[in-house]
Each structure stands twice: as C-alpha cells, then as structure tokens.
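# Survey of secondary and tertiary structure
What follows is each chain in one-letter form.
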Amino acid sequence: MRKASRLFEIIQILRLARHPITAAEVAGRLEVTVRSIYRDIAALQAMRVPVEGERGIGYILRPGFDLPPLMFSIEETEAVVLALALLERTGDAELKAAARRVGDKIAGAVPPPLRQTLSARALHAWDTTPRQPEGIDLATVRRAIRDEETLLIDYRDEYGRASERTIRPIALIYYSETANIVAWCELRAAIRNFRADRVEACETTGRLFRGDGDRLRQLWISGWAENRRDAG
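Below: a short report on this structure. Nothing here was measured: the structure is a model prediction, and the numbers come from that model.

Moving on, we get to the overall build of the protein. For the protein, the helix and strand inventory stands at eight helices and seven strands. The buried share of the protein, reckoned over its 232 residues, is 39%. Partitioning the contacts of the protein with sequence separation of at least 6, the portion at a separation of at least 24 is 59%. Only carbon and sulfur atoms are counted for the fraction: they give 49% of the accessible area of the protein, which is about 14,000 Å².

Structure representation (structure tokens):
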C-alpha cells in the first residue's frame, strides 16, 4: 500500500475508533510494519492532523476534530481527476468552469500527498470537444431538468424542417459531437431526443411539471430497455 493511501486509511481508522488504538492494531489491519505506522503517525502530526497518543498506549483523534468533508484514497482521487477531465469534453461552458472549481476545492481539502495527485495532471481525457450550441444554453437545460420547468424551443430536424416545440426536459446526454436533450414533447405526446446543435432558440416558460420528472424518466428508461431487448 502506498504511503498516501495508508495515511488516508489511518485517519479513517482513528476517526471510527471508540478508544485509543495501538500502532500494532493499525499495522495489522493495513498489513504493514509497526515501524511504518509510527512514521505515518508522525507524518500526520506534521500535517497538523490532531492525532494524540504515544507508543504502547495507542492513538486517537482529538475530540471535536472534524475531517474535511472530502477525503479520498489515491485511486478515488484519480477517479475524480479523470471525471473532471471528461467534463472538459462536454462543450458545456458552465460545467467546465464548475469542474475547475471542484478541482480547486478538493485540492484545498485533502492532505499534501493527495493534493499532488490532483495537481500532477497525469491523467487526461483526450478527444474532440464539441462546440457549444449557439441556439441554446445547456446550463438552462440543466436548470430546467432540476426545476422541472418546461422549455419552448425552435427546432430543426435532420431534414431541415423547422418546428416549435414545448418540451419537458428530463435528461441530458453528452456525446463527443453534441449533447442530446431527452424530453417529453407535448406536440408528439411522447418521449423524444433533441440534438442541442439543432435547437435554434430556447426560452423558459415558467410552467412547471413538478413531481412528474421521475415518472417520465422511468418511462424513458423502460422504453430504452425494451428497445434494447427487441434489438437483441
């Protein structure tokens, strides 16, 4: 087990302990030497993690100490780094800015060894980034999904035919070339997919479909699963 992962695990063990726990007990759980645990305890104390105790008696976290709300192992940190990198490929400007803020917040909350993993930039998601659609702001779509608010869109299909649709957006799927809005279309009275790059204009209506979003998502998922079975 790498040192950064051990430090995380030691903090977790001490946080959950109801009584002082010895270095030997910690070493047994992590399958390392007692000497390694002594060094790790000293490293945590140097990082101002309030570990108290001494050899032969045991260690505890100072009463009232709260760990940062986000504590990750090395592998979990790497998963977060890659997920944030993938957000750079969405073409959603607001999400990309949010991803950068998330990275900064996590880097400020974790111990230095894990912070180095975040800042090393050794993991990348490489592919083309879709252009942000001109006729619709994807942030508006995401807010409409959360608030369960209908949208009025001017849409042009794959054959160039224009129509005005009132939709109840329930999901947003990001692909490498564009984003798809999954919505209940009031014109068709059915679930439909709308490519964001074919939306020419969009406005909120102020009309809500509160409490119906989950039902519509379940309808969409059920239909998707049924189509997969038929295709198989």
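Now that the structure has been shown, the text picks up again.
Time to look at the side chain of D212. Positionally, D212 belongs in the loop between β7 (199-208) and α8 (213-231). Residue classification places D212 among the buried residues on the basis of a relative accessible area of 15%. Beyond its immediate chain neighbours, meaning those up to four positions away, D212 contacts E148 and R168.

Working note: α-helix, 3.6 residues per turn, so residues spaced by three or four point in the same direction. Between its first and last C-alpha, helix α3 (residues 34-46) extends 19 Å over 13 residues, near the 18 Å set by a 1.5 Å rise per residue. Those residues of α3 lying buried are S36, I37, D40, I41, A43 and L44. Looking straight down α3, one finds its buried side chains confined to an arc of 160°; they lie on one side. Pointing more than 90 degrees away from the buried face of α3 are the exposed residues R35 and A46. Each element contacted by the buried residues of α3 is listed here: α1 (3-16), α2 (23-30), β1 (51-54) and β2 (58-61).

Here we come to the environment of K3. Residue position: K3 is located in helix α1. Here the alpha-carbon distance between K3 and D40, two residues 37 residues apart in the chain, equals 7.8 Å. Ignoring any residue separated from it by four or fewer positions in sequence, one finds K3 in contact with D40 and A43.

It is worth spelling out the packing of aromatic side chains at this point. Applying the stated criterion across every chain, the model contains one aromatic pair. An angle of 90° between the planes, with centres 5.0 Å apart, marks the rings of Y155 and F194 as edge-to-face. In this pair, Y155 sits in strand β3 (residues 149-156) while F194 sits in strand β6 (residues 190-195), placing the two residues 39 residues apart along the sequence. The buried category is assigned to Y155, whose relative accessible area is 6%. Over the ring of Y38 we find R55; its NZ or CZ atom is 4.0 Å from the centre of that ring.

Between α2 and α3, the least distance of the axes is 8 Å, while the angle of their chain directions is 110°. When the interaxial angle is binned, α2 and α3 end up roughly perpendicular. Residues A23, A24, V26, A27 and L30 of α2 touch α3, and the partners they reach there are V34, I37 and Y38. Class assignment of the residues belonging to the contact of α2 with α3 gives a composition of eight nonpolar, no polar and no charged.

In this section: the environment of G223. Looking at the secondary structure, you find G223 in helix α8. It is 9.1 Å that separates the C-alpha atoms of G223 and I191, two residues lying 32 residues apart in sequence.

Bridging between β3 and strand β4 (residues 162-174) involves six bridges; their strand directions are antiparallel. Bridge pairing in β4 places D154 opposite E164. Adjacent in sequence and paired antiparallel, β3 and β4 are bridged by five residues, among which G160 carries a positive phi angle near 85°. As paired strands, β4 and strand β5 (residues 179-185) are joined by seven bridges and run antiparallel to one another. Pairing of L172 across the sheet is with I181, part of β5. The antiparallel hairpin formed by β4 and β5 contains four residues in its connecting segment.

About the thresholds
- Residues numbered from 1 in each chain as written.
- Predicted model: local features only at pLDDT ≥ 70, side-chain atom pairs only at ≥ 80, totals over all residues.
- Heavy atoms only, no water.
- Helix = DSSP H or I, 4+ residues; strand = E, 2+ residues; numbered from the N terminus.
- Buried < 20%, exposed > 50% of the residue type's maximum accessible area, 1.4 Å probe, protein only.
- Contact = heavy atoms within 4.5 Å.
- Areas by Shrake-Rupley, 256 points an atom, 1.4 Å probe, with all protein chains shown as cover.
- Expected span 1.5 Å × (residues − 1).
- Arc of directions from axis to C-beta.
- Phe/Tyr/Trp six-rings, centres within 6.5 Å; stacked < 30°, edge-to-face > 60°.
- Lys NZ or Arg CZ within 6 Å of the ring centre and 35° of its normal.
- Axes fitted to C-alpha atoms, helices over the stretch in contact; angles between N-to-C directions.
- Parallel < 35°, antiparallel > 145°, perpendicular 65-115°, else oblique.
- Nonpolar A, V, L, I, M, F, W, Y, C, P; charged D, E, K, R; others polar.
- Pairing = 2+ DSSP bridges.

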